[in-house]
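This is what each chain is made of:
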Amino acid sequence: MTAPAATDITEAAVGAAAVEALKKLSLADKQAKKEAKIKRQQEKHAAAMDAPAGPLITPAGDLWPRPYVFEDDLRRVKPYHFTYNTWCKERWRGRTLIDIFACEFRDRPLEYYRAAMELGDIFVNNRRVGPEYIVRNGDKISHTLHRHEPPVTAEPVGIIHEDDDMIVINKPAGVPVHPAGRYNFNSVIEIMKSDRGKDFMPYPCNRLDRLTSGIMFIGKSPRAAEDLGIKIKERTVRKEYLARVLGEFPDGEVVCDMPILQISPKLGLNRVRANGKSARTVFKKLAYYPPRTATMQSPDGEVTRKNTGYSIVRCLPVTGRTHQIRVHLQHLGHPIQNDPIYANQRVWGMELGHDDPDATQNTDEDIISRLSRMGKDEVAQAVVYYDEMVDEYEKKRAEKMTGELCEVCATPLYSDPGSHELSLWLHSLRYEDADGAWSYKSPLPRWAMPPAGMSGPTTVGGLEELIEAVPATELQDGTATPDKGEQ
């Protein structure tokens, strides 16, 4: 084997050196550009810091009394100016104010944010700084806007019991417990403050979904709320709910112990799944009311189904999974009649998700896709809306965009919600201490009372028969079956 010529070695060495030199030049160029960019940002920031401070901005104050207006059986809130505050996050450091809002606050057009910064509606450290301000650690970013809250029921927060430590309330349906999202003054916390004075501070011990009504515990101090909250978490407190469900529920005690899995955290959607979390609920029919008409039809005439009447069912959740009662009732074939998620025929089809633990009738992807389409232009219709006895006005009435804009802030305006959007026919009826130290029960909600021209129960008995059903019930292949002693 002959050695390569000297000229070949030289050419190869020169070529490699040239490539290496080009690489170093490219890296050096990139580094120089990066350093120049950082220098420009630093100079810009320094200039902003050296410049005279922008005009001082006064945040919107806390309105008192709360701007409630009562009409059409609704508690409305007059639109008002409100200042949101947030502190600089690590990922925001060194970025312009407009860039942060463009990337992370997308509920309004970019033009709105730029104009709000120039006008001082969006400001930093209580001063107007403009859209090109470089945000730094420790900055407090504020946004004052014209806030529109959805109306809620005008029904007051009922008082069931009160002592020195706590208040037991009967929460109205459709009212969130805490200020959240579009709701602020129209929340249980703020309504109670409005009723009892500005210095009163309620401390909720348990929670209910916005649409659910019934018993809640409100501590008068953090310690009282913490003590009762611990009892509830330790399951030394028994709870009973009442539900109005589709069709004639079976006789006797019915136990469902199917596991529950959350399939969409974004939508808060849950289904019965073998790989879900263990869950158990005991049910017992309180009353059944047969239909007045043979069929039910959707307002648009597209869907017709047999009218099977409805049942009032007592519910004892042994475990506490999210949407547990609603999901178990759907699995049993008797979903809550006006449930916009689990009794939605446009989402689940004619069977409404009955006995589909393996998703053979509807895949998770199909359900999520259909439910995601239920927006303000397509109203979620539970099967109860297909009843010919429902007033035509209520069939058509629903909260959706009107096409009009607010004269003050140009926010799209919504119509009033219908009564079916203000409540879910699920009610927290009773809480009691397992050792019998105390027990609180609310009156039956209106939807659980016998309809006009029919007779039925107006009260419920004790919890003993439901509690005894848990160990006495035999389960076959994980499917809920009535207690054999009651068949």
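Structure: see above.
Please read these numbers as outputs of a predicted model, since none were measured by experiment.

Quick question: what am I supposed to make of the overall build of the protein here?
Helices and strands together make up the secondary structure of the protein, namely ten helices and 22 strands. Looking at the protein as a whole, 45% of its 487 residues qualify as buried. Looking at the protein alone, contacts between residues at least 24 apart form 66% of all its contacts between residues at least 6 apart. As displayed, the protein offers around 25,600 Å² of accessible surface, 52% of which is attributable to carbon and sulfur atoms.

Sorry if this is basic, but what is going on with the state of the cysteines here?
Any covalent bond linking the sulfur atoms of two cysteines counts as a disulfide. In the structure shown here, the tally under the stated rule is zero disulfides. Free of any disulfide, Cys406 has its nearest cysteine sulfur in Cys409, 3.7 Å distant.

What exactly am I supposed to notice about unusual backbone geometry here?
Phi is mostly negative for residues that are not glycine, and the peptide bonds are mostly trans. For the peptide bond that leads from Trp64 to Pro65, omega is 0°, which places it in the cis range. Positive phi, close to 60°, is recorded for Asp73, a residue that is not glycine. With respect to the helices and strands, Asp73 occurs in the loop between strand 1 (68–71) and strand 2 (74–77). The phi dihedral of Asn126 is positive, around 65°, even though this residue is not glycine.

In this structure, what is going on with helix 4 (residues 188–196)? I would like to understand it.
Side chains that are three or four residues apart share a direction in an α-helix, a result of its 3.6 residues per turn. Of the positions making up helix 4, those classed as buried are Val188, Ile189, Glu190, Ile191, Met192 and Lys193. Buried positions along helix 4 lie against strand 1, strand 2, strand 8 (166–171), strand 9 (203–204) and strand 10 (213–219).

Is there a simple way to think about the side chain of Asp356 in this case?
Within the secondary structure, Asp356 sits in the loop between helix 7 (345–348) and helix 8 (364–372). Of the residues examined, Asp356 reaches a relative accessible area of 4% and is grouped as buried. At 3.1 Å, the side chain of Asp356 and the side chain of Arg271 are in polar contact. Of note is the side chain of Asp356, whose polar atom sits 2.8 Å from the backbone nitrogen of Thr360. Those residues in contact with Asp356, other than ones at most four positions away along the chain, are Arg271, Arg273, His331, Gln361 and Asn362.

What's the story with the side chain of His146 in this structure? I'm lost.
For His146, the position within the fold is in strand 5 (residues 140–147). Looking at His146, the relative accessible area reads 11%, which means it is buried. Engagement of the side chain of His146 in a polar contact is seen with the side chain of His148, the distance being 3.4 Å. Those residues within four positions of His146 in sequence are excluded, and the remaining contacts are Pro79, Tyr80, His81, Arg108, Cys406, Val408 and Cys409.

Would you take a moment to explain the environment of Glu149 for this structure?
By secondary structure assignment, the location of Glu149 is in the loop between strand 5 and strand 6 (152–153). Placed 265 residues apart in sequence, Glu149 and Tyr414 show a C-alpha to C-alpha distance of 9.9 Å. For Glu149, the residues in contact, after removing those within four places along its chain, are Val77, Tyr80, Arg182, Tyr183, Asn184, Phe185 and Asn186. Among the polar contacts listed, one links the side chain of Glu149 to the backbone nitrogen of Phe185, at a separation of 2.8 Å.

Can you help me understand the pattern of salt bridges in this one?
For side chains bearing opposite charge, pairing can occur when the charged atoms are close. By the definition in use, this model includes 26 salt bridges. The partner of Arg271 in a salt bridge is Asp356, with the nearest N and O atoms 3.1 Å apart. Here Asp356 lies in the loop between helix 7 and helix 8 and Arg271 lies in strand 14 (residues 269–272), a separation of 85 residues in the sequence. The same class applies to Arg271 as to Asp356, namely buried. The salt bridge partner of Asp364 is Arg271, with a shortest N-O separation of 2.8 Å. Taken together, the residues span a long stretch of sequence, with Asp364 in helix 8 and Arg271 in strand 14 at a distance of 93 residues. Looking at Arg271, the relative accessible area reads 3%, which means it is buried. Through salt bridges with shared partners, a single ionic network connects Asp62, Arg66, Glu190 and Lys193.

Just to check I follow, could you spell out the sheet that holds strand 6 for this structure?
Pairing between the strands of a sheet comes from backbone hydrogen bonds, and it takes one of two forms, parallel or antiparallel. The strand order across the open sheet built from three strands is 1-2-6, with neighbouring strands paired in antiparallel fashion. Each edge of the open sheet is held by one strand with a lone partner, namely strand 1 and strand 6. Bridge analysis of strand 2 against strand 6 gives two bridges, and the strand direction is antiparallel. Pairing of Leu74 across the sheet is with Thr153, part of strand 6.

Which parts of the structure should I look at to understand the sheet that holds strand 3 (residues 80–87)?
Across the sheet, which stays open at both edges, the three strands sit in the order 3-5-4 with antiparallel pairing between neighbours. Bordering the open sheet on either side are strand 3 and strand 4 (122–124), each of which pairs with just one other strand. Between one strand axis and the next, the sheet turns through 20° on average, direction left out of account. The pairing of strand 3 with strand 5 spans eight bridges and is classified as antiparallel. Counterpart to His81 in the pairing with strand 5 is His146.

Rules and cut-offs
Residues numbered from 1 in each chain as written. Predicted model: local features only at pLDDT ≥ 70, side-chain atom pairs only at ≥ 80, totals over all residues. Heavy atoms only, no water. Helix = DSSP H or I, 4+ residues; strand = E, 2+ residues; numbered from the N terminus. Buried < 20%, exposed > 50% of the residue type's maximum accessible area, 1.4 Å probe, protein only. Contact = heavy atoms within 4.5 Å. Areas by Shrake-Rupley, 256 points an atom, 1.4 Å probe, with all protein chains shown as cover. Disulfide = S-S within 2.5 Å. Polar contact = N/O pair within 3.5 Å; in protein donor to acceptor, adjacent residues only side chain to side chain. Salt bridge = Lys/Arg side-chain N within 4 Å of Asp/Glu carboxyl O. Pairing = 2+ DSSP bridges. Axes fitted to C-alpha atoms, helices over the stretch in contact; angles between N-to-C directions.

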